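Each chain, written out:
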Amino acid sequence: MRYRAMERLASHPSISVQCRRMHRLEIRTLKILEEAGLNGLQHVAVSGGRDSICLMHVLATLQPRRRWQFKIVHVHHGGSSSYRQAATDHVSREAKKLNLEFLQIRSPVAIRPDEASLRRFRMEVLAPFGSVLFAHHAKDLLETRLMRLIRGTGPQGLPSMRIRQGWKVRPWLDVWPAELESYIQDKKELGTRIQWVDDPTNSDPRHLRNWIRGEWLPALQSQRPGSEKRLAASLA
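Residues numbered from 1 in each chain as written. Predicted model: local features only at pLDDT ≥ 70, side-chain atom pairs only at ≥ 80, totals over all residues. Heavy atoms only, no water.

1. Some words on the overall build of the protein
Part 1 of the argument: A count of helices and strands for the protein gives 9 helices and 8 strands.
Part 2 of the argument: The C-alpha radius of gyration computed for the protein amounts to 18 Å, which stays within 12% of the reference 18 Å derived for 236 residues, consistent with globular compactness.
Part 3 of the argument: Counting only C-alpha atoms and orienting by the principal axes, one finds that the protein spans roughly 50 × 45 × 35 Å.
Part 4 of the argument: Looking at the 236 residues of the protein, the share that counts as buried comes to 49%.
Part 5 of the argument: Sequence-distant contacts in the protein: of pairs separated by 6 or more residues, those separated by 24 or more amount to 70%. (Helix = DSSP H or I, 4+ residues; strand = E, 2+ residues; numbered from the N terminus. Rg over C-alpha atoms; globule rule 2.2 N^0.38 Å. Buried < 20%, exposed > 50% of the residue type's maximum accessible area, 1.4 Å probe, protein only. Contact = heavy atoms within 4.5 Å.)

2. Observations regarding helix H2 (residues 24–35)
Part 1 of the argument: Between the first and last C-alpha of H2 there are 17 Å, a value that for 12 residues agrees with the 16 Å anticipated at 1.5 Å per step.
Part 2 of the argument: Taken as a whole, H2 has its buried residues at Leu25, Glu26, Ile27, Thr29, Leu30, Ile32 and Leu33.
Part 3 of the argument: One or two positions beyond H2, positive phi appears at Gly37, with a value near 75 degrees. (Expected span 1.5 Å × (residues − 1).)

3. A few points about the packing of helix H8 (residues 208–223) against helix H9 (residues 227–235)
Part 1 of the argument: Two elements in contact, H8 and H9, have axes whose closest approach is 8 Å; the angle formed by their N-to-C orientations is 110 degrees. Accordingly, the angle class assigned to the pair H8 and H9 is roughly perpendicular. Across the interface between the two elements, Trp216, Leu217, Leu220 and Gln221 of H8 pack against Ser227, Glu228 and Leu231 of H9.
Part 2 of the argument: Of the residues contributing to the contact of H8 with H9, the split by class is 4 nonpolar, 2 polar and 1 charged. (Axes fitted to C-alpha atoms, helices over the stretch in contact; angles between N-to-C directions. Parallel < 35°, antiparallel > 145°, perpendicular 65-115°, else oblique. Nonpolar A, V, L, I, M, F, W, Y, C, P; charged D, E, K, R; others polar.)

4. With respect to the confidence of the model for the protein
Part 1 of the argument: Confidence along the protein averages 89 in pLDDT terms, with 90% of residues attaining 70 or more.
Part 2 of the argument: Confidence scores differ between elements of the protein, with strand E1 (residues 3–4) showing the lowest mean pLDDT of 48 and strand E6 (residues 132–133) the highest of 98.
Part 3 of the argument: Ignoring residues within four places in sequence, the model shows residues 4–11, a span with pLDDT below 50, making 20 contacts including any to other chains. (pLDDT = per-residue confidence, 0-100.)

5. Regarding the packing of helix H3 (residues 50–62) against helix H7 (residues 177–189)
Part 1 of the argument: H7 packs onto H3 with a crossing angle of 60 degrees between their chain directions and a minimal axis gap of 11 Å. When the axes of H3 and H7 are compared, the pair comes out oblique. As H3 runs across H7, the sense of the crossing is left-handed. Contacts between H3 and H7 involve Arg50, Asp51, Cys54, His57, Val58 and Thr61 on the former and, on the latter, Pro177, Leu180, Glu181, Tyr183, Ile184 and Lys187. (Left-handed = near helix turned anticlockwise from the far one by under 90°.)

6. Points about the pairing of strand E5 (residues 101–106)
Part 1 of the argument: Summarising the sheet, strand E4 (residues 68–76) and E5 pair through 6 bridges and their orientation is parallel. Across the sheet, the residue bridging to Lys71 is Glu101, located in E5.
Part 2 of the argument: Following the chain from E4 across helix H4 (residues 82–97) to the adjacent parallel E5, one finds a crossover that is right-handed. (Pairing = 2+ DSSP bridges. Right-handed = clockwise from strand over helix to strand, strands pointing away.)

7. Here's the deal with the packing of aromatic side chains
Part 1 of the argument: Applying the stated criterion to the full structure yields 2 aromatic pairs.
Part 2 of the argument: Note on Trp68 and Phe70: the rings are 5.8 Å apart at their centroids and 50 degrees apart in plane angle, and the pair reads as tilted. Per residue, the accessibility class of Trp68 equals that of Phe70, and both read buried. (Phe/Tyr/Trp six-rings, centres within 6.5 Å; stacked < 30°, edge-to-face > 60°.)

8. Section: the pattern of salt bridges
Part 1 of the argument: Within the structure shown, the criterion is met by 14 salt bridges.
Part 2 of the argument: A salt bridge links Asp114 to Arg112; the shortest N-O distance between them is 3.1 Å.
Part 3 of the argument: Here the salt bridges do not stand alone but share partners, grouping Glu115, Asp140, Glu143, Arg209 and Arg213 into one network. (Salt bridge = Lys/Arg side-chain N within 4 Å of Asp/Glu carboxyl O.)

9. Here's the deal with unusual backbone geometry
Part 1 of the argument: Residue Asn99 is not a glycine yet carries a positive backbone phi of 60 degrees.
Part 2 of the argument: Positionally, Asn99 belongs in the loop between H4 and E5.

10. A look at the nonpolar core
Part 1 of the argument: Grouped together as the largest cluster of nonpolar side chains are 33 residues, with contacts concentrated most on Leu33, Leu133 and Trp172.
Part 2 of the argument: Counting residues per element, the ones that place at least two in this core are H2, H3, E4, H4 and H7.
Part 3 of the argument: Those residues in contact with Leu33 that lie beyond four places of it in its chain are Leu38, Leu59, Leu62, Trp68, Phe70, Leu133, Val169 and Pro171.
Part 4 of the argument: The next biggest cluster of nonpolar side chains, apart from the first, holds 12 residues, and it includes Ala45, Val73, Phe134 and Trp167. (Core = buried A, V, L, I, M, F, W, Y, C linked by side-chain atoms within 4.5 Å.)

What follows is the structure in structure tokens.
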């Protein structure tokens, strides 16, 4: 169990006072947001998948501990997909349950279903909010760097995502998926079930990121245990 009566952060004494009965991931996120200098209203991009739903739960815990107000923003890419509507409904329900304000942005037409087009639409509609938190984690960062290498980027293109990058804030770039799974399990043991909606396109290996995530990296990890983190460190 990763809950502690108090976890001290020597370099952040003001944070340690706030840490009673907080999960390790919550404390870590609090520290990162403090270091990023965030204040007041912050928008949070939540797709309905595991990672962004976890972030929403963590931020709901942090909100009363600081003068932050987190507003959930869900982007619907248009069309009549049952998955997209299910994701929208789920995020809305979770936000209400966690007492977080919810806003939906919906495209009037279905966006072309490729990663670049979907991402471009999200960035266009989210940028005006001024400061938006995303749940991208260390494995997302590794996948992005590998994709850039495959597509022929030079060394200057490898840094890709950073924790604070203009209006985009990604507090979990040093957090691995196993830590999120651990958080989910620990919350379950305390009576809180974190549920999400899986995007069916994420299992389609025709998309490069999905192939790297679902086939290439697991094969590498099986052949050389621990290689994911070593590779991530090499590309940092």
